[in-house]
Amino acid sequence: MTDTAHNSLIRDQFTRQATPFSTAAPIADSGALTMILEAAEAGPDDAVLDVACGGGIVVCAFAPHVKHATGIDMTPAMLDRARHLAAEKGIANVTWREGDVAHLPYPDGSFTIVATRFAMHHFPDPSAVFREMVRVCAPGGRIVVVDTYVSPDSAKAAEFNRLEKLRDPSHARSLALAELQDLFRASGLGQPRASFYELRDEVKNLLARSFPNPGDEAKIIDLFSASIADGRLGIPVRRDGDRLEYAYPVAILAAPRS
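This one's a predicted model, so the numbers in the text were calculated from it and none came from an experiment.

Procedures and definitions
Residues numbered from 1 in each chain as written. Predicted model: local features only at pLDDT ≥ 70, side-chain atom pairs only at ≥ 80, totals over all residues. Heavy atoms only, no water. Helix = DSSP H or I, 4+ residues; strand = E, 2+ residues; numbered from the N terminus. Rg over C-alpha atoms; globule rule 2.2 N^0.38 Å. Contact = heavy atoms within 4.5 Å. Areas by Shrake-Rupley, 256 points an atom, 1.4 Å probe, with all protein chains shown as cover. Phe/Tyr/Trp six-rings, centres within 6.5 Å; stacked < 30°, edge-to-face > 60°. Lys NZ or Arg CZ within 6 Å of the ring centre and 35° of its normal. Salt bridge = Lys/Arg side-chain N within 4 Å of Asp/Glu carboxyl O. Buried < 20%, exposed > 50% of the residue type's maximum accessible area, 1.4 Å probe, protein only. Arc of directions from axis to C-beta. Pairing = 2+ DSSP bridges. Right-handed = clockwise from strand over helix to strand, strands pointing away. Core = buried A, V, L, I, M, F, W, Y, C linked by side-chain atoms within 4.5 Å. Axes fitted to C-alpha atoms, helices over the stretch in contact; angles between N-to-C directions. Parallel < 35°, antiparallel > 145°, perpendicular 65-115°, else oblique. Left-handed = near helix turned anticlockwise from the far one by under 90°. Nonpolar A, V, L, I, M, F, W, Y, C, P; charged D, E, K, R; others polar.

### Overview of the overall build of the protein
Argument step 1. Of regular secondary structure, the protein possesses nine helices and eight strands.
Argument step 2. What you see for the protein is a C-alpha radius of gyration of 18 Å, in line with the 18 Å of a compact globule of 258 residues.
Argument step 3. The dimensions of the protein, computed from C-alpha atoms along their principal axes, are 50 × 40 × 35 Å.
Argument step 4. Look at the contacts in the protein between residues 6 or more apart in sequence, and 75% of them connect residues 24 or more apart.
Argument step 5. For the protein, the accessible area works out to roughly 11000 Å², and carbon and sulfur atoms hold 53% of it.

This is how it looks when you write it as structure tokens:
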């Protein structure tokens, strides 16, 4: 698939997901946002960039604690949602920009914190985006990557990525934890500090904020259900009465920019 076609898929999916994704309890969880701020060591002199900022949740979490926070995303509907959230919270020290995160429209060293959350798995070339993040981060600043990650078992990783591709056609590939860590090492940042949590919810809620192709919802439920018995997805899945529940593992990785 060409970059143009993939970007069109992202815009299509996240135009439709703008409100349900941005308002979902696991995505807006304050405890997880606090963990991100702590990993970034955010302070009053910091200038923050959130790459693929979506509905602005991370930017608005940073804003009260830093000098200025900027969000960039390629989906106008998501940026509209971000502006609404900032206005709703009375936050003024934020800027929003539509743009291609593979080619960030900022000079070298423009920010002291450069972060991205739940986006690496959408990038056909995550290494290229990560290099751009490092480029626009000032020496002594911090790079923060937050994302779900797959099992180190290649078969389970493939099944999880198949599930996510069915659920969200703009999904490219979720990386293993070691691969996410390698992004830092390959850019000369060394081993990142790591903290972890889980995105826990019911499958029905996940599907309510997803837009799979017609007929794929049943396949998604079947994959989750089968994983209870054989663990094929490499994540916790269980039934509690009529509730089908899952937990996606999430890593928060942070390292200083030398």
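### A few points about the packing of aromatic side chains
Each aromatic ring pair is characterised by the separation of its centres together with the angle its planes make.
Argument step 1. Scanning the entire structure with this criterion turns up six aromatic pairs.
Argument step 2. One aromatic cluster is present, formed by Phe 160, Phe 224, Tyr 246 and Tyr 248 through successive ring pairs.
Argument step 3. Directly above the aromatic system of Tyr 106 lies the positively charged group of Arg 97, at a separation of 5.5 Å from the ring centroid.

### Digging into the pattern of salt bridges
Argument step 1. With the rule as written, the count across this model stands at 17 salt bridges.
Argument step 2. Between Asp 80 and Arg 83 there is a salt bridge, and its shortest N-O distance comes to 3.2 Å. Of this pair, Asp 80 and Arg 83 both sit in helix H4 (residues 76-89), three residues apart, which is roughly one turn of that helix.
Argument step 3. Residue class for Asp 80 comes out partly exposed when judged on its relative accessible area of 47%.
Argument step 4. For Arg 83, a relative accessible area of 39% puts it in the partly exposed group.
Argument step 5. We note a salt bridge from Arg 243 to Glu 245, for which the minimum N-O separation is 2.7 Å.
Argument step 6. Of the residues examined, Glu 245 reaches a relative accessible area of 12% and is grouped as buried.
Argument step 7. Connected via shared salt-bridge partners are Glu 202, Arg 238, Asp 240, Arg 243 and Glu 245.

### A word on helix H2 (residues 30-40)
Argument step 1. Residues Ala 32, Leu 33, Ile 36, Leu 37, Ala 39 and Ala 40 constitute the buried set of H2. Across the axial projection of H2, the buried residues extend over an arc of 160°, all falling on one side. Away from its buried face by more than 90 degrees, H2 exposes Ser 30 and Glu 38.
Argument step 2. One or two positions beyond H2, positive phi appears at Glu 41, with a value near 55°.

### Some details on the pairing of strand S1 (residues 47-51)
Argument step 1. Taking burial as the measure, the five residues of S1 include four buried ones, the bulk of the element.
Argument step 2. For S1 and strand S2 (residues 68-73), the ladder comprises five bridges, and the chain directions are parallel. Residue pairing across strands places Val 51 opposite Ile 72, the latter belonging to S2.
Argument step 3. Taking the sense of rotation as the criterion, the β-α-β connection linking S1, helix H3 (residues 57-62) and S2 turns out right-handed.

### Considering the nonpolar core
Argument step 1. Grouped together as the largest cluster of nonpolar side chains are 56 residues, with contacts concentrated most on Phe 62, Trp 96, Phe 224 and Tyr 248.
Argument step 2. Discounting residues that sit within four places of it in the chain, Tyr 248 has contacts with Thr 148, Phe 160, Leu 163, Glu 164, Arg 167, Tyr 197, Glu 198, Leu 199, Leu 206, Phe 224 and Ile 235.
Argument step 3. Counting 29 residues, the second-largest nonpolar core is a separate cluster that includes Val 114, Ile 143, Val 145 and Leu 189.

### Considerations on the packing of helix H6 (residues 154-167) against helix H9 (residues 216-230)
Argument step 1. Following both chains from N to C, one finds H6 and H9 inclined at 150°, their axes separated by 9 Å at the closest point. Regarding the angle of H6 to H9, the classification is roughly antiparallel. As for the relative orientation of H6 and H9, their crossing is left-handed in sense. Listed contacts from H9 to Glu 159, Arg 162, Leu 163, Leu 166 and Arg 167 of H6 are Asp 216, Lys 219, Ile 220, Leu 223 and Phe 224.
Argument step 2. Of the residues in the contact of H6 with H9, the class split is five nonpolar, no polar and five charged.

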